[in-house]
Amino acid sequence: MTVVASPPPPSVEQPLHRRLGLTDDELEAIQTRLGRRPNDLELAMFSVMWSEHCSYKSSRSLLRQLPSSGPDVLAGPGENAGAVRIGGGLAACFKIESHNHPSAVEPYQGAATGVGGILRDIVAMGARPVALLDALKFGDPAKARTRALVRGVVRGVGGYGNCVGVPTVGGELAFHPSYADNPLVNVMCVGLVDEGRIASAAATGAGNLAVLYGSPTGRDGIGGASVLASASFDEGSAQMRPSVQIGDPFAGKLLIEASLELIERGLLVGLQDLGAAGLTCAAAEMADKGGSGMRVDLAAVPRREEGMEPFEVMISESQERMLAVVTPERLDEVLAVCARWGLPAAVVGTVAPDGDVVVVEDGRELARVPARALASEAVVLERVGHPPVRSRPAPAPGVPALAHDGLPERGMDPGAVLQALLGMANLGSRAWVTAQYDETVGTDTVAGGARGAAVLRLKGTPRALVMATDSLPGLALHDPRLAAAMAVAECTRNVAVTGARPLGLTNCLNFGDPGVPEAFWQLSESVRGLAEAATALGLPVTGGNVSLYNESVGARIAPTAQIGVVGVLDDIALLVGPYFRNEGDVVALLGEAGPGLSGSQYEALAGAAPEDGPPLLDLAREVALGRLLRRASAERLLSSAQDVAGGGLAVAIAECALWSGLGADLVVPVALPPAVVLFGESPGRVVVSLPAERWPDLARLAAGLRVPCRRLGSVAADRLRMRLVGVGATGAAEERGAGVADEMDEPLAELERAWRGALPRALGEAS
Amino acid sequence: MRVGVVVFPGSNCDRDALHAARLAGADAQLLWHAEPDLHGAEAVILPGGFAHGDYLRAGAIARFSPIMGVVREHAARGGLVLGICNGFQVLTEAGLLPGVLRRNTTLRFEHGWVRLSVERRDTPFTRGVPEGTTLRLPIAHGEGSYYLPDVQLDALEAAGQVLFRYAPPEGNPNGSLRDIAGVVDDGGRVCGLMPHPERASEQILGSDDGMLLLRSLVESAAWHEALVG
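Rules used in this analysis
- Residue numbers restart at each chain and count upward from 1, following the sequence in its written direction.
- Written order determines the labels here, with chains lettered from A and ligands numbered from 1.
- Note on the predicted model: pLDDT of at least 70 is required for a residue's local features to be given, and 80 or more for side-chain atom pairs to be given and counted; whole-chain, interface and lining totals, by contrast, use all residues.
- Secondary structure elements follow DSSP: runs of H or I no shorter than four residues count as helices, runs of E no shorter than two count as strands, and numbering proceeds from the N terminus.
- Here the radius of gyration uses the C-alpha set of atoms, whereas the globule reference equals 2.2 Å times the residue count to the power 0.38.
- Working definition of burial: number of other C-beta atoms within 10 Å of the residue's own, with buried at 20 or more, exposed at 12 or fewer, and partly exposed in between, all C-beta atoms being placed from the backbone.
- C-beta atoms are first placed from the backbone for all residues, and any pair lying within 7 Å is then listed as a contact.
- Here the rule is simple: two strands pair whenever DSSP picks up at least two bridges between them.
- Axis lines are fitted through C-alpha atoms, for helices just across the contact stretch, and the angle between N-to-C directions can take any value from 0 to 180 degrees.
- Under the scheme applied, nonpolar residues are Ala, Val, Leu, Ile, Met, Phe, Trp, Tyr, Cys and Pro; charged residues are Asp, Glu, Lys and Arg; polar residues are all the others, including Gly.
- Under the definition applied here, buried Ala, Val, Leu, Ile, Met, Phe, Trp, Tyr and Cys residues are grouped into a nonpolar core through C-beta atoms within 7 Å.
- Throughout, the term roughly parallel applies to angles under 35 degrees, roughly antiparallel to angles over 145, roughly perpendicular to angles from 65 to 115, and oblique to all others.
- For a helix, the expected span equals 1.5 Å multiplied by the residue count minus one.

Enquirer: How should I be thinking about the overall build of chain B in this particular structure?
Expert: Secondary structure summary: chain B contains five helices and 11 strands in total. A globule of 229 residues ought to have a C-alpha radius of gyration of about 17 Å, and chain B, at 16 Å, matches this closely. Burial statistics for chain B: of 229 residues in total, 57% are counted as buried. Partitioning the intrachain contacts of chain B with sequence separation of at least 6 by distance along the chain shows that 75% fall at a separation of at least 24.

Enquirer: Would you mind going over the overall build of chain A with me for this structure?
Expert: Per the secondary structure count, chain A includes 27 helices and 28 strands. Looking at chain A as a whole, 64% of its 767 residues are labelled buried.

Enquirer: So what exactly am I meant to see when it comes to the sheet that holds strand E4 (residues 128-138) of chain A here?
Expert: By definition, the strands of a sheet pair up through backbone hydrogen bonds, in either a parallel or an antiparallel sense. All names here are of chain A. Strand order in the open sheet made by the six strands is E1-E2-E3-E6-E4-E5, with mixed pairing throughout. A single partner strand is all that each edge strand has here, and the edge strands are strand E1 (73-75) and strand E5 (168-175). Taking the axes of each pair of neighbouring strands and ignoring which way they run, one obtains an average angle of 25° across the sheet. Strand direction decides the pairing type here: strand E3 (residues 90-98) and strand E6 (residues 184-194), joined by nine bridges, are antiparallel. Residue Ala92 lies in a different strand from E6, and its bridge partner there is Leu192. Helix-sheet contacts for helix H7 (residues 107-124) involve E3, E4 and E6, and the interaxial angle to E6 is about 25°.

Enquirer: I would appreciate a short explanation of the interface of chain A and chain B in the present structure.
Expert: A common way to state how big an interface is: give the accessible area lost once the parts meet. Between chain A and chain B, the residue contacts involve 22 residues of the former and 21 residues of the latter. Listed by contribution, the elements that provide at least two residues to the side of chain A that touches chain B are helix H8 (144-164), helix H10 (249-264) and strand E14 (445-447) of chain A. In terms of residues, the side of chain A that touches chain B owes the most to one element, H8 of chain A, which gives four residues. Partitioning the side of chain A that touches chain B into residue classes produces nine nonpolar, nine polar and four charged.

Enquirer: Before we go on, may I ask you to explain unusual backbone geometry in this structure?
Expert: Negative phi is the rule for most residues except glycine; trans is the rule for most peptide bonds. In this structure, Pro169 of chain B follows Pro168 of chain B across a cis peptide bond, with omega equal to 5°. Considering the arrangement of structural elements, one finds Pro169 of chain B in the loop between strand E9 (162-167) and strand E10 (180-184). Not every positive phi belongs to a glycine, and Arg706 of chain A is a case in point at roughly 60°. Relative to the helices and strands, Arg706 of chain A resides in the loop between helix H25 (695-704) and strand E26 (709-716).

Enquirer: Help me out: how do you make sense of the sheet that holds strand E16 (residues 464-470) of chain A in this one?
Expert: Residues and elements named next belong to chain A. Here six strands make up an open sheet; going across it, the order is E14-E15-E16-E21-E17-E18 and the pairing mixed. Either end of the sheet is taken by a strand with one partner, and the two such strands are E14 and strand E18 (541-547). Strand-to-strand twist of the sheet, defined as the mean angle between neighbouring strand axes without regard to direction, takes the value 20°. Sheet analysis places strand E17 (residues 501-510) next to E18, joined by six bridges and oriented parallel. When the bridges of E18 are listed, Asn510 appears paired with Ser547. In the packing of helix H20 (residues 517-537) onto the sheet, contacts are made with E17, E18 and strand E21 (560-569), and the angle to E17 comes to roughly 180°.

Enquirer: Any chance you could explain the nonpolar core here in plain terms?
Expert: One broad rule of soluble globular proteins: the nonpolar side chains tend to lie buried together. Residues and elements named next belong to chain A. Within the largest apolar cluster, 331 residues are counted, with the highest numbers of intra-cluster contacts made by Met49, Met467 and Val488. For this core, the element with the most residues is helix H19 (residues 480-496), which contributes 11 residues. Those residues within four positions of Met467 in sequence are excluded, and the remaining contacts are Ala131, Leu133, Gly170, Val190, Ala453, Ala454, Val495, Gly564, Val565 and Val566.

Enquirer: Before we go on, may I ask you to explain the packing of helix H16 (residues 414-422) of chain A against helix H23 (residues 648-660) of chain A in this structure?
Expert: Axis angle and axis distance: for two packed helices, these are the angle between their axes and the distance between the axes, and together they describe the pair. Residues and elements named next belong to chain A. At a minimum axis distance of 10 Å, the contact between H16 and H23 shows a crossing angle of 70°. One finds that H16 runs roughly perpendicular with respect to H23. For the pair formed by H16 and H23, the contact residues are Pro414, Leu418, Leu421 and Leu422 on the first element and Ala650, Val651 and Ala654 on the second. Each residue belonging to the contact of H16 with H23 can be placed in one class, and the counts come to seven nonpolar, no polar and no charged.

Enquirer: I tried to follow the environment of Pro168 of chain B on my own but got confused; where do I start?
Expert: Residue and element names in this part refer to chain B. For Pro168, the position within the fold is in the loop between E9 and E10. On the basis of neighbour counts, which here come to 10 C-beta atoms within 10 Å, the residue Pro168 falls in the exposed class. For Pro168 and Thr134, which are 34 residues apart along the polypeptide, the C-alpha to C-alpha distance reads 9.7 Å.

Enquirer: It is not clear to me how the environment of Asp742 of chain A should be interpreted in this structure. Could you clarify?
Expert: Position of Asp742 of chain A among the secondary structure elements: in the loop between helix H26 (727-736) and strand E28 (743-747). Distance in space between the C-alpha atoms of Asp742 of chain A and Asp413 of chain A is 7.6 Å, their sequence separation being 329 residues.

Enquirer: Sorry if this is basic, but what is going on with the packing of H7 of chain A against H10 of chain A here?
Expert: Residues and elements named next belong to chain A. For the pair H7 and H10, interaxial distance at closest approach is 11 Å and the crossing angle is 5°. As the angle between them shows, H7 and H10 are arranged roughly parallel. Across the interface between the two elements, Ala112, Gly116, Leu119 and Val123 of H7 pack against Pro249, Gly252, Ile256, Ser259 and Leu260 of H10. In terms of residue class, the contact of H7 with H10 is built from six nonpolar, three polar and no charged.

Enquirer: What exactly am I supposed to notice about the environment of Glu583 of chain A here?
Expert: Residues and elements named next belong to chain A. Locating Glu583 in the fold gives a position in the loop between E21 and strand E22 (586-590). Under the C-beta neighbour-count criterion, Glu583 is labelled partly exposed, with 14 such atoms within 10 Å. Between the C-alpha atom of Glu583 and that of Ala716, which follows or precedes it by 133 residues, the distance is 5.2 Å. Leave out the neighbours within four places in its chain, and Glu583 touches Leu662, Val715, Ala716 and Ala717.

Enquirer: Can you walk me through H19 of chain A in this structure?
Expert: One turn of an α-helix holds 3.6 residues; hence residues three or four places apart share an orientation. The end-to-end C-alpha separation of H19 of chain A is 24 Å, in line with the 24 Å expected for 17 residues at 1.5 Å each. Within H19 of chain A, 17 of the 17 residues are buried, leaving the element largely enclosed by the surrounding structure.

See the structure below:
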């Protein structure tokens, strides 16, 4: 038998298991489970199923810390996607997944198939996908390679999502030098299903049939899970292109419609999509989940190429395929539905009572492996973590560096800093990206996520679905635990500012080589932070994805815990938007600035003193703030509410203005250095606007919940004016002998120019 | 009043059009492309999407779908046909409307909100649009750049077949000649446009201007039905 022919070129001396990416210890573990030596086909099946991508062997023991249950959770980790109850008999299914390595090798196809893959996960739950959010990370946008990656990935996300008719309603785009060789493409999908119709991924009922439908199986994506997703990049990465899957969104659309029709008509016992590790994974996981076995007949698998080896058929990652378990009585109807949608379908297997995945061809048994040995009882690795060795101890969160004041020392005035921040690729308008995505198909999009959270109305109900995705990689380089917790808090806040109740959380953990103690420490610290924040906020983690080995020679990505939160607003009439509504409204700040500039966009722009630590996260404060926002929405107090995040308070207020075309005239008290107050990214803050006559009500509510609430000024016409008063400001003013550093007064049109042109400028498409 | 919304395998605005047609007061239903039967529909909507994947050219294969034969007969009898986005592309490919839709001059898929001026108010598709009103509708397409040779464009204009043009402040998003966003056939009974009226069907979605067009269609079809029986 030949082995994986493409990458990397097999060296003759290496034994097969190593060429397939298995260690000697893992081979021994396989032999222990089988009680004999595996044959080559069995070894190939183990190699993909025991890959990091499929087995979570390095992360599984960590993920147990995550809270996953709650009164509204209908499906949690281990299912194709999480599901939470959203009322009215409906459930929201959601999950976020990575397609990082394929996108680095072939950006368009990598991103497109990433979208296709997460869509199928949601469909496998029986849910109709209603929204996509993409979280993208790239290196320096000034570099030609980065620009090609950005263009390819954005085109790929749109190419798939636009075609299948699922709106891309939000996401994130961030640049950081650590992603130069390892861009991140994380895609979140949200779907809707009747509570009682959530599909099972279990193969049950001996004698039931396994029907493979969708695109015929080819050689594309052979070993994608084990080769691409489970090793770091080196000079040979270009040869990995054959391991990248090719997407066909039209086939994907047919697959979605056919699958939903099969489920709606109650024709299926179980359903699973074919993603990483292809047929091997679907057969093993479905059998394992159902406590049964599955007999797979290779000759029955529809193919698009001739002469495929058995192992190629079993581990091919050809896209747009699903495996359904059906009773023999329903088979004809199932095949008829597939035929109507023009999809090839074939009975490729039978559910067996014995617990083994058995591969046969022309009556010959080629492999026999216990399903659980491939799936739930895959190897678990105990990795060693170690914090990075730093030349000096890292400052603790919240330790103020009052001596250091970025603004006056550098002779900057806040208006100039604000313009510079808005002109950064990380903070400028997202229109360059969002214009390439269909945001309105489905006729449910009430608000796109380029302005905070995405909001979808639920037809036929008074409810709205609210979702957001966030991450803080810059901060994670300083403190991965804090960054993960803060990303959970920020994402939850983004959902809460609309007035919605956050219901569940999904995450995509993007890290380096888990065999490197520092990288594993970053992963374990992040999971710890995630668990702490999710627990404190009462938010169940219903699923997610882990992507490791995001490093190449000499460079590891910033630890990136990408968080996705879904919530529900029971009455869409109570929806609070993020930007100013009425001239004359009061502008107020909920929460207060804390010290810390580490990891902020201001630091990326202007630098921060080494003794300045990251900000402090107060989870109890976050809970109180969430409560306050929901009460304020329920009492219809607010005209707008906007989370303070990247770029700090000044950028948050500027966004309220830029998105609405209304300015503001504000007085900002500063007890800390002005740079920290205006541009620091300490959490727990929300900028609200409201009619003046509701101000006393808000102040009373906030006092009752012990959330600081300060009136800053009012919504004004076409300028953004902020005067700084108090301890921090006075010193600066005296030192400079003029009021320059204590005031900004910017015409909106000028801020708009900086903000709108940021991304095209950074990508070299405008001057 | 019955409206049929054609479903090609890759249609993705079929349910949106169905929803909006019902909001406009129609008894609307989906029509499967492989069945040459309009099931009594008095007006037909060809919705947006990627009818057959459109890897070759938007709408190029859809014109061979069995239902297109009966759509053609329906149009020949003076029945109303509205093609939205991909539906517009299919109608030009099928020869039911003049012109072609080329790749956007930006060479990108373009999504966004545009404004349309309505050139005529005496058509079945625009009779309910108040004088002086521009429409705010979303676009979402990669191939929406309207093209005809100059001489034919002059003739099209002279015949009053240009129904919608992209207007300020957003302006022309795709390089369409003479800012053309939608046209009618010479009989004024078949209409195609790139923007999506069905997506601007409720205030909560940002605009309900599209309902002016859909209500016009439904009322016109009912009126035609009463007249012709």
